[in-house]
Amino acid sequence: MYRTALRMLIGDKTKLLGLIFGVAFSTLLICQQVSIFAGLLGRASSVINDVRSADIWVMDPSVRTIDASYPMRDTELSRVRGVEGVAWAVPLFKSQVQVRTREGRLENAVMLGVDDASLIGVPNEFLLGRVEDLALPDAIAINPAGFRLLFPGAELDVGRELELNDRRARIVAILDAAPAFAANLTIYTRYSLATAYTNPGRNVLSFIIAKSADGYESNAVAENISARTGLKAVSSSAFRIESIMYIIENTGIPVSFGTVVILGAIIGVAIVGLTFNQFIMENLKQYAALKAIGVKNIRLLSMTLCQAGFVCVIGYGLGLGAVVIFFRSTSDVDALRGFYLLPEVAGGVAVLAILIVLLSTLLSMRRVLTVDPATVFRG
Amino acid sequence: MCRGIEKSFGEGQARVRVLRGTDFDARAGEMTFLVGPSGCGKTTMISIIGAILSCDDGDIRVLGQDLRRLRNGRLADFRLDNFGFIFQQFNLLPALNAAENAAIPLVARGLSTRKAESIAREMLDKLGLDDQTQKIPAQLSGGQQQRVAIARALVHNPKIVICDEPTASLDAASGQRVMELLSEVAMDAERAVIVVTHDDRIFRFADRIAHMDDGAISRVERRKSDSLESSDSPEEPSS
Ligand SMILES: Nc1ncnc2c1ncn2[C@@H]1O[C@H](COP(=O)(O)OP(=O)(O)OP(=O)(O)O)[C@@H](O)[C@H]1O
Ligand SMILES: [Mg+2]
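Residues numbered from 1 in each chain as written. Chains lettered and ligands numbered in written order. Predicted model: local features only at pLDDT ≥ 70, side-chain atom pairs only at ≥ 80, totals over all residues. Heavy atoms only, no water.

### Looking at the confidence of the model for chain B
Here is step 1 of the chain: For chain B, mean pLDDT is 85; residues scoring 70 or higher make up 92% of the total.
Here is step 2 of the chain: On the interface metric, ipTM, the complex scores 0.84, and its pTM is 0.76. (pLDDT = per-residue confidence, 0-100.)

### Observations concerning the site of ligand 1
Here is step 1 of the chain: The immediate surroundings of ligand 1 are formed by 13 residues, with Ser38, Gly39, Lys42, Thr43 and Thr44 of chain B found nearest.
Here is step 2 of the chain: Each of chains A and B places residues near ligand 1.
Here is step 3 of the chain: For ligand 1, an oxygen atom lies 2.8 Å from a polar atom in the backbone of glycine 39 of chain B.
Here is step 4 of the chain: Per element, the largest residue contribution to the shell around ligand 1 is 3 residues, and it comes from helix α1 (residues 42-49) of chain B.
Here is step 5 of the chain: Here the shell around ligand 1 is composed, by residue class, of 4 nonpolar, 6 polar and 3 charged. (Near = heavy atom within 4 Å. Polar contact = N/O pair within 3.5 Å; in protein donor to acceptor, adjacent residues only side chain to side chain. Helix = DSSP H or I, 4+ residues; strand = E, 2+ residues; numbered from the N terminus. Nonpolar A, V, L, I, M, F, W, Y, C, P; charged D, E, K, R; others polar.)

### Thoughts on the packing of aromatic side chains
Here is step 1 of the chain: For the coordinates displayed, the defined rule picks out 15 aromatic pairs over all chains.
Here is step 2 of the chain: With a centroid separation of 5.3 Å and 80 degrees between ring planes, the pair formed by tryptophan 57 of chain A and phenylalanine 207 of chain A is classed as edge-to-face. With a gap of 150 residues between them, tryptophan 57 of chain A in strand β1 (residues 56-59) and phenylalanine 207 of chain A in strand β9 (residues 207-212) connect regions that are remote in the sequence.
Here is step 3 of the chain: Among the residues examined, tryptophan 57 of chain A registers a relative accessible area of 0% and is labelled buried.
Here is step 4 of the chain: On the basis of relative accessibility, which here comes to 0%, the residue phenylalanine 207 of chain A falls in the buried class.
Here is step 5 of the chain: Arranged with centres 6.0 Å apart and planes meeting at 65 degrees, the rings of phenylalanine 78 of chain B and phenylalanine 83 of chain B form a pair that is edge-to-face. You'll find phenylalanine 78 of chain B and phenylalanine 83 of chain B in the same group, each marked buried.
Here is step 6 of the chain: Between the NZ or CZ atom of arginine 160 of chain A and the centre of the ring of phenylalanine 151 of chain A, over which it lies, the distance is 4.6 Å. (Phe/Tyr/Trp six-rings, centres within 6.5 Å; stacked < 30°, edge-to-face > 60°. Buried < 20%, exposed > 50% of the residue type's maximum accessible area, 1.4 Å probe, protein only. Lys NZ or Arg CZ within 6 Å of the ring centre and 35° of its normal.)

### Concerning the interface of chain A and chain B
Here is step 1 of the chain: Each partner contributes to the interface: chain A provides 23 residues, whereas chain B provides 31 residues.
Here is step 2 of the chain: Of the roughly 2500 Å² buried where chain A meets chain B, counting both sides, 64% is carbon and sulfur surface.
Here is step 3 of the chain: Applying the counting criterion to the chain A and chain B interface returns 4 salt bridges.
Here is step 4 of the chain: In this structure, the connection of chain A to chain B is made through 7 residue pairs in polar contact (both at pLDDT 80 or more).
Here is step 5 of the chain: Going through the elements one at a time, α1 (2-11) and α10 (284-293) of chain A are the ones with two or more residues in the side of chain A that touches chain B. (Contact = heavy atoms within 4.5 Å. Buried area = accessible area lost by both parts, 1.4 Å probe. Salt bridge = Lys/Arg side-chain N within 4 Å of Asp/Glu carboxyl O.)

### Some words on the domain arrangement of chain A
Residues and elements named next belong to chain A.
Here is step 1 of the chain: Looking at the assigned domains, one finds that chain A contains domain 1 (2-43 + 252-377) and domain 2 (73-230).
Here is step 2 of the chain: Centre-to-centre, using C-alpha coordinates, domain 1 lies 48 Å away from domain 2.
Here is step 3 of the chain: Counting residues at the interface gives 6 residues for domain 1, matched by 8 residues for domain 2.
Here is step 4 of the chain: Buried area between domain 1 and domain 2, summed over both chains or domains, comes out near 730 Å², and the portion from carbon and sulfur atoms is 49%.
Here is step 5 of the chain: Applying the counting criterion to the domain 1 and domain 2 interface returns 0 salt bridges.
Here is step 6 of the chain: At the surface where domain 1 touches domain 2, the tally comes to 1 residue pair in polar contact (both at pLDDT 80 or more).
Here is step 7 of the chain: In terms of residue class, the side of domain 1 that touches domain 2 is made up of 3 nonpolar, no polar and 3 charged. (Domains from an automatic or database assignment.)

Structure, rendered in C-alpha cells:
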C-alpha cells in the first residue's frame, strides 16, 4: 500500500515539486539563518576562545561581556597574582581603534594588547611571522580577514605599515584569530604599545587573564580572586557563556533571526499545507472510494504519512544540500568566516521539518478521515 | 436478504424517511437490478446492503452475517473481503495506471504489489484491456475506465458485486459493452451482482428486476426466463 501511496504522489508532479520545494525552502532558510546566528554568537566569544592558555578572566565588576570592558587600576594585577591558586596572571588590553593605511583606507579594528614579557594571549596560529616578532618596535599582528579588508586584492605579506591614531605600526605577522563580533579586523600587539596607540587615561587594564595552579579548580580560584580583590573573576567557559547571553539578551539580533526562522517555518507550513490540502481535496472522492472498498482510516493515515515522509526526506535533503553549498561557496568570504553548518542545527531543523510536514498533513488528513464513504455513490 | 429496513436522514422537521420497511433479496448466480424513479432510495438501499451505511431498523443479513452486529473496523474488513463496488463516476486514482488501480483491493488485503498487479492484469485481460494496463485513467475512455473499475471490483473474487448506475456516465454503445462484459466476467454461480440503474436499455441483462417506489419495493419481476423460475429453490440467499 505504501508503494501505491508513493505512486499517487509521484503521479502528480506539480504538487510533488511544490511540496518538496516548500520543505527544501524552509530547511534552507532556517538552517542558514540559525547557522549564521550561531556563528555570530561564536564571534561574541572568539577572543575568549583564542586565549587558550588562560582559564580565568578577571575584570571590573560592572563588565558583562568581552565586548565592553571598563578599565581597572594597574595595581590590581599584583593583587590577583597574590591570590592563592593563581599560577600566573597577565594583563590584557582590549579596545576599539581606527586604522588607516597609507592608501587612505580607514577601518575599525579590535585591538588586543598582551603582556610585553610573556606575550601570553596571542593565539598560536601564525600564517606569516612568529610570536617573537611582536617584540620588535611598533610591531603588530593582524588576522588575514583584516589584511584583505585593508589591502583588497593584495597577497598576504608582512612589512606593511599602518597608522593607528597618528602613530606608526608595522605588520610583522599574520595570525589566524577568529573574527570578533565587533569588527572583522583584529590586531594583536604588546600591552605597552597598545596603550600608547589608544592613548587613553591612566587606567587602561581591561582584563587580567590568569591560569589556576595545578591542583586548583578554576571556578574555585576565580571565587578566591573575587573575594580577595572585589573584582569580578570567572572561568573562561563561564565568561564565554556570559558574553553570548549578553548578545542574546541585549541586542535585537536574536529577535531578527528568530523572526526569519519563524517566517521560514510559517512559509513552509503554508506551502506544504496548502499543496497537500489541494492534493487531498483532488483525491477526496478517490479516498472515499478507497474507504468504501474497505481500506481503513488507519491505513489511509499511514499512506499519507508515508507520502509526508517521502516529501520530508527529499525536501530536507535538498534544503540541507543547498545550505552546505552556500557555506562551501562562501567559505572564503571574510564577512562570513566562522559561519558553518553545525550538526546540532541540521538536527534541529530536521525535527522542525518533520513537524512542519506532520502539521500540514495532519491538518489536511482530517478531511480524509472524516469523509463518509457513502458519498461515493452520490454524484 | 433484507427485511423491514428503515432509514431516515436528518433531524426533527427536516427528517426524511427514505426507506420504509423495505425488503430486498439478491441471490448468488444472479444479476439483480434495482430500478425506480430518482430519489426513491435505491442508492441508500445498496449503501446499506454494501455495509457502507447503517440502517435505523430492520434485519440485514449478508452471507449469513448480521451486519448490524459488526463494528466499524470489522465492517471495513467485511467489505474488503466480500464486496466489489462499481461507481457511476468510476473513482479511479488518477495517478495510478490501470493495473495499479485494479490491484488496490488485493494490495489493501496485504498482497505484494507485484503479485497483486499480475492478478489485476489477468483480470484486465478478460475485460479486453490487455494493451491498456500501463495507461492512467486520463488516457482511457469512459468505457475503458469503467472496465478498469470492474476489474477492481472483481480482482479479489468477492461474493457480492454492487454497481450504482454503472452506465450512467457512458454513451449507449460503451454502456452496452460494459454490461456485456460485466455479465460475462462477473457472473459466477457463487456471486450475486446487484445493479442500480435508470437505463432501461440494459434491463435485458437482468435475471430479476426489483422495482422500487418511494422507499419500498413495489414488485419483483423475473427476466431471462430460465428453468429455475418455477422452483423458488432454497438456494442460499446472499443478501
Ligand atoms: N446523506 C443524506 N442526507 C440527507 N438526505 C439524503 C442523504 N442521502 C440521501 N438522501 C435523500 O434520500 C432520498 C433517496 O436518495 P437516494 O440517493 O437513495 O435515491 P436514488 O433512488 O438513488 O436516486 P437517484 O436515482 O437520483 O440516484 C433522496 O430524497 C435524498 O435527498
Ligand atoms: Mg442513486
